[in-house]
Amino acid sequence: METRVLNYFLMVAKLGNVTRAAENLHITQPTLSRQIADLEAELGVKLFDRTKRHLTLTKAGTIFQQRAMMILDLIDQTEVELSQEQDELTGTIHLGCVESNASSFMMKLVTQFQEKFPNVHFDIYTGNGDILKERLDQGLLEVALLIEPIETAKYNYLVLPTKDTWGVLMRSADPLAKKGALTREALYKLPLIIPHRNLVRDELTDILKIAPSKLNTLVESNLSSNALQLVKYGHYYLLGIKGVYELHNDPEITFLPFSPLKQTGHVLAWRKNALLSPVTQKFIQFVTDASNI
């Protein structure tokens, strides 16, 4: 499979029309149609659903589009890296990050790394742990900042020197906000927004000895932004970490920790047996050195 054909496919996927794609590629329409047909035959899957005027990607086509973009990006990045002197580090680091107090720690390191290596570019994706691990597994991310626990069978990881505290985010004017902490029994009585991430929910229920069936769960959410708006304008309580409260810094929202105290750590993780780019390997070492200071 030639990179030329990947570029042909991506142009057709972008425009949804073979004639227009052929014009942009400066080749004839029959030639482009034949190349796409040959590509589908080689892969053994249908990449496009065809109508009279438009082409749309099939599920297989969408997956192939992601992979084709990654392949071409990796080739371009490799060519750039090989053309540079060894001390002129360059390339793109695809980094995933959760929302927590470790975000500040990681973004400071990103800043310091770029100051030292100004030719390095970062592509940062924010999401919850499940989404970030899925993107790691798909090869869309190389490394990700995650909240523990982590599946050690699937990922290599570096433990970071940051801890976050679990509790409930609520309106500052709420009477409960005057309490120093929130007990398990009090949690059962609250209309809750809980995180999507199954591992985190399982760990919390295990450590706090919470019976999930007793929780009054009204909403599940993967990120905090919209959930905090529900807390702010409705009668909801967000089960989350103190780092979310610190990141958003909204005076109308406050944080109440659990009693007994429940803290969790953070890791920088990457997929086992993954082929990491030299610039990403350099960044992992940079984070390792900073974490050991």
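This text follows the structure it describes.
Since the model is a prediction, treat every value here as computed from it, not as a measurement. (Residues numbered from 1 in each chain as written. Predicted model: local features only at pLDDT ≥ 70, side-chain atom pairs only at ≥ 80, totals over all residues. Heavy atoms only, no water.)

The next subject is the nonpolar core. By size, the foremost hydrophobic cluster in this structure holds 63 residues, and its most contacted members are Ile 93, Leu 95, Met 106, Phe 113, Leu 187 and Leu 268. Among the nonpolar cores identified, the runner-up in size contains 20 residues, and Phe 9, Val 12, Ala 68 and Leu 72 belong to it. (Core = buried A, V, L, I, M, F, W, Y, C linked by side-chain atoms within 4.5 Å. Buried < 20%, exposed > 50% of the residue type's maximum accessible area, 1.4 Å probe, protein only.)

On to the environment of Thr 90. One can find Thr 90 in the loop between helix 4 (59–83) and strand 3 (91–97). For Thr 90, a relative accessible area of 11% corresponds to the buried category. With 40 residues separating them in the primary sequence, Thr 90 and Arg 50 have C-alpha atoms 41 Å apart. Polar contacts involving the side chain of Thr 90 include one to the main-chain carbonyl oxygen of Asn 119, which spans 3.1 Å. (Helix = DSSP H or I, 4+ residues; strand = E, 2+ residues; numbered from the N terminus. Polar contact = N/O pair within 3.5 Å; in protein donor to acceptor, adjacent residues only side chain to side chain.)

So, about the packing of helix 1 (residues 3–15) against helix 3 (residues 29–43). The interhelical angle for the contact between helix 1 and helix 3, taken along N-to-C directions, is 105 degrees, at an axis separation of 10 Å. Considering their axes alone, helix 1 and helix 3 lie roughly perpendicular with respect to each other. Residue-level contacts link Arg 4, Val 5, Tyr 8, Phe 9 and Val 12 of helix 1 to Leu 32, Gln 35, Ile 36 and Leu 39 of helix 3. (Axes fitted to C-alpha atoms, helices over the stretch in contact; angles between N-to-C directions. Parallel < 35°, antiparallel > 145°, perpendicular 65-115°, else oblique. Contact = heavy atoms within 4.5 Å.)

All right, on to the side chain of Asp 174 then. If you trace the backbone, Asp 174 turns up in the loop between strand 6 (155–171) and helix 7 (184–187). Here Asp 174 is buried and forms no salt bridge, its nearest opposite-charge partner Arg 171 lying at an N-O distance of 4.7 Å. Of the polar contacts made by the side chain of Asp 174, one reaches the side chain of Tyr 237; its length is 2.4 Å. (Lys, Arg positive; Asp, Glu negative; His and termini not counted. Salt bridge = Lys/Arg side-chain N within 4 Å of Asp/Glu carboxyl O.)

Let's shift gears to the side chain of Glu 142. Its place among the elements puts Glu 142 in the loop between helix 6 (129–138) and strand 5 (143–147). Salt bridges are absent for the buried Glu 142, whose nearest opposite-charge side chain, Arg 271, sits at 8.9 Å. In this structure the side chain of Glu 142 is engaged in a polar contact, spanning 3.3 Å, whose partner is the side chain of Ser 277. Within the local environment of Glu 142, its side chain forms a polar contact with the side chain of Thr 280, the two groups lying 2.7 Å apart. What Glu 142 contacts, discounting residues up to four positions off in sequence, is Thr 92, Ile 93, His 94, Leu 136, Ala 269, Trp 270, Leu 276, Ser 277 and Thr 280.

The next thing to look at is the packing of helix 1 against helix 2 (residues 18–25). Interhelical geometry of helix 1 versus helix 2 gives an angle of 130 degrees and a closest axis separation of 8 Å. Here helix 2 runs oblique to helix 1, going by the angle between their axes. Our pair here, helix 1 against helix 2, has a crossing hand that is right-handed. Of the residues in helix 2, those in contact with Tyr 8, Met 11, Val 12 and Leu 15 of helix 1 are Val 18, Arg 20, Ala 21, Asn 24 and Leu 25. (Left-handed = near helix turned anticlockwise from the far one by under 90°.)

A word on the packing of aromatic side chains. Scanning the entire structure with this criterion turns up 7 aromatic pairs. Ring centres 4.9 Å apart and planes at 50 degrees place the aromatic pair Phe 113 and Phe 117 in the tilted group. The pair Phe 113 / Phe 117 is uniform in exposure class, with both members buried. Ring centres of Phe 122 and Phe 283 lie 5.2 Å apart, and the angle between their planes is 75 degrees; this geometry places the pair in the edge-to-face category. Of the two residues, Phe 122 sits in strand 4 (residues 120–126) while Phe 283 sits in helix 11 (residues 278–291), which places them 161 residues apart along the sequence. A residue is classified by how much of its surface remains accessible, and Phe 122, at 10% relative accessible area, is buried. We classify Phe 283 as buried; its relative accessible area is 0%. Ring pairing ties together the aromatic residues Phe 113, Phe 117, Phe 122, Phe 283 and Phe 286, which thus form one cluster. In this structure, Arg 135 is placed above the aromatic ring of Tyr 125, and the distance from its NZ or CZ to the ring centre is 3.9 Å. (Phe/Tyr/Trp six-rings, centres within 6.5 Å; stacked < 30°, edge-to-face > 60°. Lys NZ or Arg CZ within 6 Å of the ring centre and 35° of its normal.)

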